Amino acid sequence: MQDHLLHQARLPQWLLPATWPRQGAHPALADIHITQGRIARIEPSQPTPTGDAVRHLHGAPVLPGLVDAHTHLDKTFTLPRMGAVRPGLLGAIEAMMADRAQWTPADVHARAAKALQWAYEAGVTRLRTHCDWWEPEAEPVAWQVLRELAEEWRGRIAIERVTLVPLSLHADAATADALARRVAASGAGAVMGGFVHSHHWDPQALAHLLDAAARHDLDLDLHVDEELHPGAQGLAAIARHLKASGYAGRAVCGHTCALAAKPEAEALAVLDAVAQAPITLVTLPLTNLLLQDAVTGRSPRQRGLTLVKEARARGIPLLVASDNVQDPFCPVGSYDPLESLAAGVLAAQLDQPFDRWTDALCRADWLTRTPGRLPLQPGDAADLLIFTAADAWGFPSRSQPRTVLRAGRPITEGVLS
Ligand SMILES: [Zn+2]
């Protein structure tokens, strides 16, 4: 494939080295050299390069391929066929349990494949999905389907599957161990998960879950304290346990909304422990805004997001992701992580979103055991998003029109002037 140059790309500050020159208050524009579909080098823009292989971006914002760190492909797109759903979390669960009778392999495959197509078009290169797992002995239909989809989408989207198991199923240590063994044996990309909530708090069951994951060398990704109960103890207990046990895998905790409801000093102490554990946090602005402080007929007073700024201040890796899309838990969503970031910018009052917060959509290394590697290093595939109608100032407004490059080539016809 022909070599080419993306001239005058506006890259985010977090992606650039400290020595990168500035242009006024902003990082100087970049030239991205692509050779055989891979990043050859990135350097400050040179004056007026010429030739057929030069694409002039005129300062358009550019990001690496996106990570959607927390989705639910097994539930997605079920809402339209459900009819009326009783408002609130319990009504959503009720509707979902009734709908599960229709979850044949073909049904799950069709819905999840549609989600993956949307994600692909948005520029997602890596996606993690949770998968409801209600009976310890029986593997859910969706688990196998998601594994097949991971194969089908190999090379386009790297897909990981996480078990979403009620904590109560781990009350028995032998059951927890059998589950972990089963997950570990189920192929690449399998991650141990669970639902940790003060409603059914059981520290012993949590310890069984964490120990079983460690024994079978599984990474962890848990739904934790998805509530505004100040007494929720899940995150603190997980941080304590992982540190004490010397857990070697990568631990991720999603939601952790309860931090926003705790007394300030207690919440910050929990975050200190999270930083040391270490744990990656994932915040889900769309569903948290929709489901937290949700009372029928009453306007919400609280926002329901975890303490993103305080987490950042402690160096805790923090990702923003989609969560539920068009299911009874959340009627909206589009598998475009920029949509979640846009909600987060307003809900959490994020400053300079392009330069300082888009890493929350791009740092795939924060899901792995060896964090610390920035994207777009020389030799990496030239997987890029060019935001043809946006600017870094008002970002992510007008970020919908975009050209997605995979290995240097547009996946759809877009503007690459
Ligand atoms: Zn979730």
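Residues numbered from 1 in each chain as written. Predicted model: local features only at pLDDT ≥ 70, side-chain atom pairs only at ≥ 80, totals over all residues. Heavy atoms only, no water.

A word on the overall build of the protein
A tally of regular secondary structure across the protein gives 11 helices and 18 strands. A principal-axis box enclosing the C-alpha atoms of the protein has dimensions of 65 × 50 × 45 Å. By the burial criterion, 55% of the 417 residues in the protein qualify as buried. Counting only carbon and sulfur atoms, one obtains 54% of the accessible surface of the protein, whose full area is about 17,200 Å². With 38 positive and 45 negative side-chain charges, the protein shows a separation of 3 Å between the mean positions of the two kinds. (Helix = DSSP H or I, 4+ residues; strand = E, 2+ residues; numbered from the N terminus. Buried < 20%, exposed > 50% of the residue type's maximum accessible area, 1.4 Å probe, protein only. Areas by Shrake-Rupley, 256 points an atom, 1.4 Å probe, with all protein chains shown as cover. Lys, Arg positive; Asp, Glu negative; His and termini not counted. Charge placed at Lys NZ, Arg CZ, Asp CG, Glu CD.)

Describing the coordination of the zinc ion
Bound to the zinc ion on the protein side are His70 (NE2), His72 (NE2), His223 (NE2) and Asp323 (OD), at distances that span 2.1 to 2.4 Å. Angles of 86 to 176° at the metal separate the four donor atoms of the zinc ion, which places the site in the irregular class. On the primary sequence, the residues serving as donors to the zinc ion are separated as H-x1-H-x150-H-x99-D. Of this pair, His72 sits in the loop between strand E8 (66–71) and helix H1 (89–99) while Asp323 is found in the loop between strand E15 (318–320) and helix H10 (337–347), placing the two residues 251 residues apart along the sequence. The exposure class of His72 is buried, given its relative accessible area of 2%. (Donors = N, O, S within 2.8 Å, 3.2 Å for Na, K, Ca; no water. Tetrahedral: all angles 85-135°; square planar, octahedral: opposite > 155°, others 65-115°.)

Here's the deal with the sheet that holds strand E12 (residues 220–224)
What the eight strands build is an open sheet, ordered E8-E9-E10-E11-E12-E13-E14-E15; its pairing is parallel. Here the strands that pair on one side only, and so sit at the sheet edges, are E8 and E15. Taking the axes of each pair of neighbouring strands and ignoring which way they run, one obtains an average angle of 20° across the sheet. With five bridges joining them, E12 and strand E13 (residues 251–255) adopt parallel strand pairing. Each residue of the ladder has a partner; that of His223, found in E13, is Gly254. Relative to strand E10 (residues 158–164), helix H3 (residues 141–152) is tilted by about 165°, and along the sheet it contacts strand E9 (124–132), E10 and strand E11 (190–196). (Pairing = 2+ DSSP bridges. Axes fitted to C-alpha atoms, helices over the stretch in contact; angles between N-to-C directions. Contact = heavy atoms within 4.5 Å.)

Notes on the packing of aromatic side chains
Under the counting rule described, the total for this entry stands at six aromatic pairs. Measuring from centroid to centroid gives 5.0 Å for Phe77 and Trp118, while their planes differ by 75°, and the two rings are edge-to-face. Of this pair, Phe77 sits in the loop between E8 and H1 while Trp118 sits in helix H2 (residues 105–122); the two residues are 41 residues apart in sequence, bridging distant segments of the chain. For Phe77, a relative accessible area of 9% corresponds to the buried category. Here Phe387 and Phe395 contribute two aromatic rings whose centre-to-centre distance is 5.1 Å and whose plane-to-plane angle is 80°, an arrangement assigned as edge-to-face. Here the aromatic residues Phe77, Trp118 and Tyr335 are joined through ring pairs into a cluster of three or more. When the ring centre of Trp143 is taken as origin, the NZ or CZ atom of Arg161, which lies over that ring, is 4.7 Å away. (Phe/Tyr/Trp six-rings, centres within 6.5 Å; stacked < 30°, edge-to-face > 60°. Lys NZ or Arg CZ within 6 Å of the ring centre and 35° of its normal.)

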